[in-house]
Amino acid sequence: MIQVQHLSKQFRTAAAKEGAFKGVRMLFSRDVRIKHAVADINFNIEPGEFVGYIGPNGAGKSTTIKMLSGILHPTSGRVTIDGLSPHHDRRRVARKLGVLFGQRTQLWWDLPVRDSFDILAAMYGIDAGMMKRRLSQLSELLELEPFMDTPARKLSLGQRMRSDLAAALLHDPAILFLDEPTIGLDVTAKRSIRHFLKSINQHLGKTVLLTTHDMDDIEQLCGRVIVINDGKLGFDGSIDDLRRRIGLPTLIRITYKLPIADSAKHAITRSEFNGLQLSCGEDERVLTAACNREQLSAMDALRMLEQYGEIEDVHMEEPDFEEIVHRIY
Ligand SMILES: Nc1ncnc2c1ncn2[C@@H]1O[C@H](COP(=O)(O)OP(=O)(O)OP(=O)(O)O)[C@@H](O)[C@H]1O
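Given the structure is predicted, the values throughout are model-derived calculations rather than measurements.

This paragraph deals with the overall build of the protein. In terms of regular secondary structure, the protein is built from 12 helices and 14 strands. Radius of gyration (C-alpha) of the protein: 26 Å, far over the 20 Å computed for a compact globule of 329 residues. Per-residue burial over the protein gives 30% buried out of 329 residues. Across the protein, every contact between residues at least 6 apart in sequence was considered, and the portion connecting residues at least 24 apart equals 70%.

Listed below in structure tokens is the structure:
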């Protein structure tokens, strides 16, 4: 559905100057600096996928989304959306795409939300009956009714984001590109946006490419994650693959029925064997094992831990996703 082949984008900017009148000298300078914002990236996205596109500030995420949606022209390489080029077939591709840039609104600032929707419907050629049905469906899902007659400039950030999501979906596109759709929102507003995105992916089959710095968004929504860093793709796979690649341990906390024997404790504090790193805490009955699941399955780890007594309770903690992402950046 979305194909990205050897995609690159370079920006030419005037080279920075030092000393007096540097602004004026830059204006007339012939020295240019080339920024490789996106450098030879490749990926395909299938219909119905929910893909997270992540990377640190300045990694090239927005530049990629702009090339995918036809706003920017690639320096080299190819993008196709359902076989069409976003740049050359911009109008036809626009009908297939809904795009949301969380930092900017596509609503008319001084107009009531309802009027913005009417203008967009006219631009997309949506007939009145269809528009009424779509709007009532979106309004119900996103709870837009209380502020449909409010100008965009008077909306709270959460209301604005919900309205922008509705605006991106009015023409019923099959694909959504979302750049920071939860930026600046409080916990409740984030939750409702996530719930909405999950349901349009699962129930309406929308294909979603999501860019965000919020790792909870990624963990809760995306089956697949693509990582870009300094313009280059660093990883493309599932969140579990990413966890395995980074190799952070799963923590297994065992509570035994009886306190662990002193002799065993002595062995435990020094032990590291077969991918298990053991430690005892304050509680005499509790033992924590850091387990590299690549080397040892959780079942095998438990079998080994049975040697220290009868197990009452087992608690497993997967490595924190935020920490994993921090490592790949
Ligand atoms: N129009 C432009 N002219 C020159 N350089 C640009 C332009 N747009 C982006 N860049 C540069 O290209 C690089 C990638 O920018 P981009 O906005 O794609 O990053 P990003 O991953 O979206 O970052 P963020 O998470 O901060 O939004 C940055 O170094 C940026 O300064």
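Around the ligand, the structure places Phe 11, Thr 13, Lys 35, Ala 37, Gly 55, Asn 57, Gly 58, Ala 59, Gly 60, Lys 61, Ser 62 and Thr 63. Every element with two or more residues in the shell around the ligand is listed here: β1 (2-14), β2 (32-45) and α2 (61-68). Looking at the shell around the ligand, the element that brings in the most residues is α2, giving 3 residues. Its residues assigned to classes, the shell around the ligand comprises 3 nonpolar, 7 polar and 2 charged.

Right, let's get into helix α6 (residues 157-169). Taking 1.5 Å per residue, 13 residues should reach 18 Å; α6 reaches 18 Å between its end C-alpha atoms and fits that length. The element α6 is largely enclosed, with a buried count of 10 among its 13 residues. If you check which residues of α6 are buried, you get Arg 160, Met 161, Arg 162, Ser 163, Asp 164, Leu 165, Ala 166, Ala 167, Ala 168 and Leu 169.

It is worth spelling out the sheet that holds strand β8 (residues 224-229) at this point. Within the open sheet, the 6 strands sit side by side as β5-β6-β7-β3-β8-β9. Their pairing is mixed. What marks the edges here is a single partner per strand, and that holds for β5 (97-101) and β9 (232-237). Each strand of the sheet is rotated relative to its neighbour by a mean of 15°, with strand direction disregarded. Inspection of the sheet shows strand β3 (residues 50-54) paired to strand β7 (residues 207-211) by 4 bridges, in the parallel sense. Within β7, the residue paired with Gly 52 across the bridge is Leu 210. In this fold helix α9 (residues 239-246) packs onto β8 and β9, with an angle of close to 115° to the strand it touches most, β9.

Take the environment of Leu 111 next. Tracing the chain through its elements places Leu 111 in the loop between β5 and α4 (113-124). Spatially, the C-alpha atom of Leu 111 lies 34 Å from that of Ile 54, the residues being 57 residues apart in sequence. Once residues lying within four places of it in the same chain are set aside, the contact partners of Leu 111 are Ser 116, Pro 151 and Ala 152.

Moving on: the domain arrangement of the protein. Segmentation of the protein into domains returns domain 1 (2-7 + 44-244) and domain 2 (248-328). For domain 1 and domain 2, the distance between their C-alpha centroids amounts to 42 Å. For the side of domain 1 that touches domain 2, the secondary structure elements donating two or more residues are α8 (215-221), β9 and α9. In terms of residues, the side of domain 1 that touches domain 2 owes the most to one element, α9, which gives 4 residues.

With that settled, the discussion passes to the confidence of the model for the protein. Looking at the protein as a whole, its pLDDT mean stands at 87, while 92% of the residues score no less than 70. Across the interfaces of the predicted complex, the ipTM metric reaches 0.97, alongside a pTM of 0.80.

Moving on, we come to unusual backbone geometry. Here Asp 40, not a glycine, exhibits a phi torsion of approximately 55°, which is positive. You can see Asp 40 is positioned in strand β2. Its identity is not glycine, yet Asp 230 carries a phi of approximately 55°, on the positive side. Residue position: Asp 230 is located in the loop between β8 and β9.

What counts and what doesn't
All residue numbers here refer to positions counted from 1 along the written sequence of the relevant chain. Note on the predicted model: pLDDT of at least 70 is required for a residue's local features to be given, and 80 or more for side-chain atom pairs to be given and counted; whole-chain, interface and lining totals, by contrast, use all residues. The helix count covers DSSP runs of H or I at least four residues long, the strand count covers runs of E at least two residues long, and both are numbered beginning at the N terminus. For a compact globule the rule gives 2.2 Å times the number of residues to the power 0.38, and the radius of gyration it is set against comes from C-alpha atoms. Neighbour counting defines burial: a residue surrounded by 20 or more other C-beta atoms within 10 Å of its own C-beta is buried, one with 12 or fewer is exposed, and intermediate counts give partly exposed, using backbone-placed C-beta atoms. Contacts here follow a simple rule: the backbone-placed C-beta atoms of the two residues must lie within 7 Å. Note on definitions: a residue is near a molecule or strand provided its C-beta atom, placed from the backbone, lies within 6 Å of it. Each residue gets one of three labels, nonpolar for Ala, Val, Leu, Ile, Met, Phe, Trp, Tyr, Cys and Pro, charged for Asp, Glu, Lys and Arg, and polar for the others, Gly among them. To estimate the expected span of a helix, subtract one from its residue number and multiply by 1.5 Å. Two strands are said to pair when DSSP picks up at least two bridges between them. Geometry is summarised by axes, namely lines fitted to C-alpha atoms with helices restricted to the contacting stretch, and by angles between N-to-C directions that run from 0 to 180 degrees. Domain ranges listed in this record stem from an automatic or a database domain assignment. On a range of 0 to 100, pLDDT expresses the predictor's confidence in each residue.

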